[in-house]
Amino acid sequence: MSLLAAVGAASAAGQEAPSPSPPASTTGPMNWTVEQDHQNMMDQLGIKALRPGPSGNEKAPNHANYDESKANPFPDLPDALTLQSDKKVTTATEWWQERRPEIVEDFEREVFGRVPPNVPKVTWTVTSTVKSKAGVFPVIEKQLVGRPDNSSYPSISVDMQMTLVIPGNANGPVPVMMMFSSAAFRQRMAEMMAKQPELNAMMGTDPPATEQLIAHGWGYAFIDPGSIQADNGAGLRKGIIGLTNKGQPRKPEDWGALRAWAWGASRGLDYLETDKAVDAKRVGIEGVSRFGKAALVTMAFDSRFAVVLVGSSGEGGAKLHRRNFGEAVENLTGSGGYHWMAGNFLKYGAAEASFGNKNAGDLPVDSHELIALCAPRLTFISYGIPEKGDAKWLDQQGSYMATVAAGPVFRLLGAKDLGVTDDYHAAKMPPVNVGLLEGQLAWRQHEGGHTDAPNWKYFIPWADGFLNYHAAVWQLPADQPVFRTDPNSLVAHSQLLRKAKQGETDVYFEGDSITRRWGATDYPELLANWKQNFFGWNAADFGWGADQTQNILWRLENGELDGVHPKVVVLLAGTNNVANTSVHDDADVRADDVTRGLRAIVRVIQTKAPAATIILTGLFPRNDDMSFMPVIDRINGHLSKIADGQKVRYLNINDKLADRDGRLFDGMMNARDKLHPTVKAYQIWADALKPVLAELLGPRGAVELAPPPTGDPGASP
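Keep in mind that this is a model prediction, so the values were computed, not measured.

Caption draft 1: Highlighting the overall build of the chain. Along the backbone of the chain there are 21 helices and 16 strands. Since a compact globule built from 717 residues should have a radius of gyration of about 27 Å, the 29 Å found for the chain is in line with a globular shape. C-alpha atoms of the chain, sized along the principal axes, occupy 95 × 55 × 50 Å. Within the span of the chain, comprising 717 residues, buried residues form 60% of the whole. Summarising the internal contacts of the chain: among those between residues at least 6 apart in sequence, 76% fall at separations of at least 24. For the chain, the accessible surface area stands at approximately 27300 Å², while carbon and sulfur atoms represent 51% of it. A gap of 2 Å separates the mean positions of the 71 positive and 82 negative side-chain charges of the chain.

Next up, the structure:
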């Protein structure tokens, strides 16, 4: 899950994010401190002094480098496709049998450590199963505890916590995204966001990842990393690392917390493979910040995971170790971060040691090879922007270079990479919000902060496509608010939220594509008609194409009308509910359902804009399918009864658009779809609206104060 504002603040200060679970005791067995454990490892390695890591404070004397001209002291990376014997790898067989094992060995020995051979078996127990909801979506939620056998050392016990949530409408096994998170952390973050709502800006405007996953027919699992291994050096003599070492200090090749968290995720996958509700061949792993590192390590070392979303991972994750930009190797060899890594990793921060000194350039591997270990599986590298809290410290550019450099391995194994130049030396990030999502290796830098929240709307459809997954369709009542799942609609929502905060809107148009097209920049002929009819009344169009009543309700309840204070709201909606061919009830039942949705929209408008007069427009006739007309007629009959003639006015112009049987007059609707009005039909609507607007608002002004018109964000320029 996203690490929210506290993460962004920590990252901006040049530090890593806080642990997602309550901090472990600062002392282990025998009151062993972080400093003692760190010094013990230095002694084992013969290190007398370490170089201090750079500071994230740009005013500090030892501040991190942010000068690109000084960022590449070791410009050439180890070749992921060259064996240690200098033989080039040219076949997939050579990769799997020769080169990949070499890279794995180097990472295990020097960077992340080895999972010990005596690691105990884990037994999972389902402690509860309940019906619940993720937003509006019914789900089935299981709480689980995984207990490694501690009979070899009973004084240390480990209770691994995992929550599994499956969509309630599933008609078979579903994909699952496993996320590093804990209930306590999510509660703390929710409380922080409630106290500081301005911090929501770094998260973007999308629904929570959990709701997006369920809406798309995925399940999700939270696995608590703190219940596997504490996120501090003192905890290394506890947790799963302490259990396997029987409470003793680590040796140089022993695993660190990143590898332990990854091991715990793999044990969670062991359970998921036994759950019939889960499609175990389509399980992914996700994390942000330190847990972005852990997610990448998990994917690299366990080939059973099908997909990974790596959020803002920085040093130890997707960032190149060899880059001198922001966080450095030395920040992970000091006492604050060394517990994530193998003890041997400290050697590369050594200033004085029995072996002399070493630096990042001496590492036998780098992060591009960690990404390459994920090939050919789906690998999505995600970052935000420094302006919103995803600090320069994380080195987004260095992570992009690593992703580019991993590309040849993906291609060798039959997958598609980013589709850019192979020269990682010269690789420059695409513009913010421009994703490279055509291949199994993907990159996207969003405009949010230290989170991957704004990228979920792209990640899920991207994964669906490559996994060839088609979910069961949710059927929700017309008065149930629910967001659209396509990325363009969520981007449009953020666009309309910005629009709501601009200008002065006296006439607020709401609806679906019939409403939207009238005042949209991507329909210039219709926009010209809009301006001709409404200039000076401060009218703004907030419609969105293909919306059903459920989607309009969600948009209104999620900020698009907040603070606008219109004097008039023009509402035309419901035709997309009528055309929902998956609903097979008779005309009366369908009409009643759509009417309930429109009533709910009216109630929300009345709550959020109590001073506004609502002009409730009858659904227009449509001839793409004449069987829709009886439903439309019934709905319009119901709408006429909602109106009180004062604060809710009913407007029906259908007698000017079609005959008594609902057959359209010539030139009223688009000849291709027989649904969307032409300029001629829009003018009829305008002629019916203008007397009401003049009554309610008076004559049009000489100046237009409404926010400027917007268009479809996905439309071609």
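Caption draft 2: Inspection of the packing of aromatic side chains at higher detail. Summed over all chains, the structure comprises 32 aromatic pairs. Geometrically, the ring pair formed by phenylalanine 137 and tryptophan 474 is tilted, given 5.0 Å between the ring centres and 55° between the ring planes. Residue phenylalanine 137 is found in strand β3 (residues 137–148), and its partner tryptophan 474 is found in the loop between α12 (456–467) and α13 (487–500); the two are separated by 337 residues along the sequence. Both residues of the pair, phenylalanine 137 and tryptophan 474, count as buried. Ring centres of phenylalanine 137 and phenylalanine 483 lie 6.0 Å apart, and the angle between their planes is 75°; this geometry places the pair in the edge-to-face category.

Caption draft 3: Just the side chain of threonine 505, in detail. By secondary structure assignment, the location of threonine 505 is in the loop between α13 and β12 (507–511). Exposure remark for threonine 505: the relative accessible area of 4% places this residue in the buried category. Here threonine 505 is in contact with Asn538, Ala540, Phe542, Val564, His565, Pro566 and Pro707, once residues within four sequence places are set aside.

Caption draft 4: Local environment of the confidence of the model for the chain. With 95% of its residues at a pLDDT of 70 or more, the chain has an overall mean of 93. Overall, residues 1–29 carries pLDDT values under 50, and its contacts beyond four positions in sequence, including any with other chains, amount to 99 contacts.

Caption draft 5: Structural detail: the sheet that holds strand β16 (residues 648–651). Reading across from one edge, β13-β12-β14-β15-β16 is the order of the 5 strands in this open sheet, with parallel pairing throughout. With one partner strand each, in any of the chains shown, β13 (539–541) and β16 form the two edges of the open sheet. Each adjacent strand pair in this sheet contributes to an overall mean axis angle of 20°, direction not counted. Note that β12 and β13 share 3 bridges and pair parallel. Bridging from a neighbouring strand, valine 507 pairs with alanine 539 of β13.

About the thresholds
Residues numbered from 1 in each chain as written. Predicted model: local features only at pLDDT ≥ 70, side-chain atom pairs only at ≥ 80, totals over all residues. Heavy atoms only, no water. Helix = DSSP H or I, 4+ residues; strand = E, 2+ residues; numbered from the N terminus. Rg over C-alpha atoms; globule rule 2.2 N^0.38 Å. Buried < 20%, exposed > 50% of the residue type's maximum accessible area, 1.4 Å probe, protein only. Contact = heavy atoms within 4.5 Å. Areas by Shrake-Rupley, 256 points an atom, 1.4 Å probe, with all protein chains shown as cover. Lys, Arg positive; Asp, Glu negative; His and termini not counted. Charge placed at Lys NZ, Arg CZ, Asp CG, Glu CD. Phe/Tyr/Trp six-rings, centres within 6.5 Å; stacked < 30°, edge-to-face > 60°. pLDDT = per-residue confidence, 0-100. Pairing = 2+ DSSP bridges. Axes fitted to C-alpha atoms, helices over the stretch in contact; angles between N-to-C directions.

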